[in-house]
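# Fold and contact review
Listed below, chain by chain, are the residues.
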Amino acid sequence: MIKTILSAAGEPIFHLTAGDASYVISIFHGFPLHLYAGPAIDDDDVEYLLVRVGHDSVVPRPAHTPEGWFSCDIAPFEYPAYGSGDFRPSAVMAKMLTNAQADGSVPVTGGAPTTAVMYESHEILAGKPVLDTCPAIHAADDECETLVLHCADPATALKYDLYYTVMRDYPAVCRRTVIRNTSADISATLLRAYSASLDFTTVDPQAELVHLWGTWGRERHMERTPLLHGSMSVNSRRGASSHYHNPFAALVTSETTEESGMAVGMSLIYSGNFDITADVDAFGLTRLMAGISPDGFEWRLDPGAEFVTPEAVIVLSGEGLGKMSRVYHKLYRKHLCRGEWADRERPILVNNWEATYFNFDDEKLVAIAEDAAKCGIEMLVMDDGWFGIRNDDRSSLGDWFVNEDKIRCGLGKLVEKVNALGLKFGIWFEPEMISPVSKLYEAHPEWALQTTGRPMSISRSQYVLDMTREDVRDYLFETISGVLSSANIEYVKWDFNRNLTEAGSALLPAERGGEIFHRYVLGLYDLLERLTSAFPHILLEGCSSGGGRFDPAMLYYSPQFWTSDDTDAMERLDIQLGTSFVYPASSMSCHVSASPNHQTGRVTSFTTRGNVAMAGAFGYELDLTKLSDEEKDLIRKQTADYHRYYDIINRGDLYRLVLPTDNYNGKTGKCASWMYVSEDRSEALFTFVVIRTSVHPVYFVKLCGLEPKAVYVDQATGKEYYGSTLMNAGLNLTKNYRDGDSVVVHLVRK
Ligand code: DGJ
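Just so it is clear, the model here is predicted, and its values are computed rather than measured.

## What about the domain arrangement of the protein?
It is common to give the size of an interface as the accessible area lost on bringing the parts into contact. Domain parsing of the protein yields domain 1 (2-335), domain 2 (349-651) and domain 3 (654-749). Relative placement of domain 1 and domain 3: their C-alpha centres are 39 Å apart. In this assembly, nine residues from domain 1 lie in contact with seven residues from domain 3. When domain 1 packs against domain 3, close to 670 Å² is buried across both sides, 45% of that on carbon and sulfur atoms. For the domain 1 face of the interface with domain 3, the top three residues by lost area are M222, E258 and R326, together amounting to 57%. At the junction of domain 1 and domain 3, the tally comes to two salt bridges. Notably, a salt bridge pairs E679 with K330, separated by 3.5 Å at the nearest N-O pair.

Written out as structure tokens, the structure reads:
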């Protein structure tokens, strides 16, 4: 997987082979340079790819490179450092006295953050070392290999280890950086410490960026935009990865489609403030970098200390965005999600939130469970409002004690009743929050994040707990564990409903103020680690006012995430198809909710609501006791279908056929379509949804991923087609539809 050769100048060149992709690094006068990333190539020494152009006088050259054409301002760096001639956005910026300044032999020239990252040596390791900080990809020793480039700043005591884990079966390279202060007595300060940077030597001048933007109720909408000269950044400064941007972007060329062309994905396994910057320089060369957002970030590195960045996962596809997504799906399902539920079939649940909001008691929950049991639903989830005195969203967060005015029979008894109906029981928490009206806040106002002397901003009547504090985490571990051990609870929904403001901690020394956001995230991971280790059988579902923290790091702990508070099936098409650019179907929680929909007022048929929700971890979010017999029959059909199709959808390959953002040439109505093909290509499930119809619309959709020479049988009609016909001529779906109509076709190979 990792081959090392020597360049003509006697310096190493590393050819990393990840699945069917290549990633080539060369050391050039000590600089770790990037030469190539993309579909596999057979040559190792591709230094000829370096752009050799004359430079104008304003472009400096490094003191030690004799080549007149070499300038840091155009060189493709593996980990670009600030301040020595590369004027593009830098991956690392550190302040530290130089060795000469520190020994007192020369005057200190001010705290200049000039930084350098120069190769010293390297190691190639079997497998992937565990660096215990943030969640990361896991793989057995024979499934991957790791290159560690040991680098240093020759003028200071800072060392940089660049980690590249190359996956054997996936075109994926996982990158992290470890920064160490080797001084015995001098501190350093990190001002930027990205996880990875990729400088493209061979990209189409018309580079485009694909990313996922959104807001509450409209998460992860895919946007594709040409890159212009200068920088474009998708980021979060909210303390969470957020509804607004997802920690993912892909660089594509203007010609890339779903199934052809280059697509390089960069996905950051991190839940806090992040930045992904794409920068196009004057020569049209593009840099794509991902890491912790430098805004407000300042990390003090004491003598002997090290800082480990989160991991960035680069996926290299030469066959379009579709393949890039399928690689992420499988990689994240098998090598990021952990624990018993990582790849296990998820129970079909009914959640009482949109059924009752805060207005429920034990009897109401049991009534819903009774109907659920008759329809093939497998779990009841009790959402917000079961604790403290919480009858609306204005109190009690932090008081994780059962409200026995509502759950009159007690939690243990309620769970027994639900279990007796044959259903599992799940419960909601919002661990990281504290209501000003709560016993916890009365006892510990200092446990809320705050900055002395500044009024605390309020959001949904709540403050955020200081997760950097061990005492806060201990309290949460003990109270939550108490509830989880008191009854047979098999699922937890972990919510997070506001972002961080006035983020300060009473326990963090002033010189470490710039560490609060990252320390918050580390505190969150610590608590998640403790709870998931103590309760390994529990299925954890992440949530953040819908999908406001739907990121790879959360999937490491919670293999499914509530995709959005917008449960409208038509809106979900954009949200779910956007989410599918990175995240597997098994990670997307999708529920059938009431019609008219509570968020949009739109009326959609029960069948289409089911067909759309079937694209993920399936469930219901409505008052089953109010449904007609006909609707309950439909639930019976949908729950049976879910089991029938589970493998195809959740373990198969996704092909996005028509995105809601495709305008379909204005020739017909607006629609969306996708399909899954089972791993062995023997079955496929095709879905087509009419978003807005038109008069006499004409619809043909071409399928993907089938075996061309195999015959597939439409299970509803018995009609047979060759795979080649379905993929090249397509299905004829022409019919007079109403808005919101949908078609599902199950194909089985003969
Ligand atoms: C926001 C979540 O996204 C909803 O599903 C629900 O759990 C509410 N919070 C409860 O307050």
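## Some remarks on the site of the ligand
Taken together, 13 residues form the shell around the ligand, and within it D383, D384, K493, D495 and D565 come nearest. The contact in question runs from an oxygen atom of the ligand to an N or O atom on the side chain of D383, over 2.6 Å. Contacts to the ligand include D565, whose side-chain N or O atom sits 2.5 Å from an oxygen atom. Here the shell around the ligand is built from residues that sort into four nonpolar, three polar and six charged.

## Side note on the sheet that holds strand 36 (residues 720-722)
Spatially, the six strands line up as an open sheet ordered 31-32-33-38-35-36, and their pairing is antiparallel. Across the chains shown, the open sheet's two edge strands, defined by having one partner strand only, are strand 31 (653-658) and strand 36. Direction aside, neighbouring strands of the sheet carry axes that sit 25° apart on average. Where strand 33 (residues 683-692) and strand 38 (residues 742-749) come together, seven bridges link them in antiparallel fashion. Residue E683 lies in a different strand from strand 38, and its bridge partner there is V748.

## Concerning the packing of helix 7 (residues 470-485) against helix 8 (residues 516-534)
Running from N to C, helix 7 and helix 8 cross one another at 30°; their axes reach a closest spacing of 10 Å. Here helix 8 runs roughly parallel to helix 7, going by the angle between their axes. Relative to helix 8, the crossing made by helix 7 is right-handed. Taken together, the residues of helix 8 that come into contact with helix 7 (itself represented by R473, D474, L476, F477, I480 and S481) are G523, D526, L527, R530, L531 and A534. For the contact of helix 7 with helix 8, the class distribution of residues is six nonpolar, two polar and four charged.

## Remarks on the packing of aromatic side chains
Tallied over the entire structure, the rule returns 32 aromatic pairs. Each ring, one from F28 and one from W69, has its centre 5.6 Å from the other, and the planes form 45°; the classification is tilted. Of this pair, F28 sits in strand 3 (residues 21-28) while W69 sits in the loop between strand 4 (31-39) and strand 5 (92-95); the two residues are 41 residues apart in sequence, bridging distant segments of the chain. This pair shows no difference in class: F28 is buried, exactly as W69 is.

## Some thoughts on the sheet that holds strand 1 (residues 2-6)
What the four strands build is an open sheet, ordered 1-2-3-4; its pairing is antiparallel. Looking at which strands have only one partner, the edges of the open sheet turn out to be strand 1 and strand 4. The average undirected angle you get between the axes of adjacent strands in this sheet is 15°. Across eight bridges, strand 3 lies against strand 4 in antiparallel orientation. Along strand 4, the bridge assignment pairs S26 with L33.

## With respect to the environment of S486
Mapped onto the secondary structure, S486 falls in the loop between helix 7 and strand 26 (491-494). Here S486 falls in the partly exposed class, since its relative accessible area comes to 42%. Between the alpha carbons of S486 and C375 there is a distance of 28 Å; along the sequence they are 111 residues apart. When neighbours within four sequence positions are excluded, S486 is seen to be in contact with L411 and G412.

What counts as what
Residues numbered from 1 in each chain as written. Predicted model: local features only at pLDDT ≥ 70, side-chain atom pairs only at ≥ 80, totals over all residues. Heavy atoms only, no water. Domains from an automatic or database assignment. Contact = heavy atoms within 4.5 Å. Buried area = accessible area lost by both parts, 1.4 Å probe. Salt bridge = Lys/Arg side-chain N within 4 Å of Asp/Glu carboxyl O. Near = heavy atom within 4 Å. Polar contact = N/O pair within 3.5 Å; in protein donor to acceptor, adjacent residues only side chain to side chain. Nonpolar A, V, L, I, M, F, W, Y, C, P; charged D, E, K, R; others polar. Pairing = 2+ DSSP bridges. Helix = DSSP H or I, 4+ residues; strand = E, 2+ residues; numbered from the N terminus. Axes fitted to C-alpha atoms, helices over the stretch in contact; angles between N-to-C directions. Parallel < 35°, antiparallel > 145°, perpendicular 65-115°, else oblique. Left-handed = near helix turned anticlockwise from the far one by under 90°. Phe/Tyr/Trp six-rings, centres within 6.5 Å; stacked < 30°, edge-to-face > 60°. Buried < 20%, exposed > 50% of the residue type's maximum accessible area, 1.4 Å probe, protein only.

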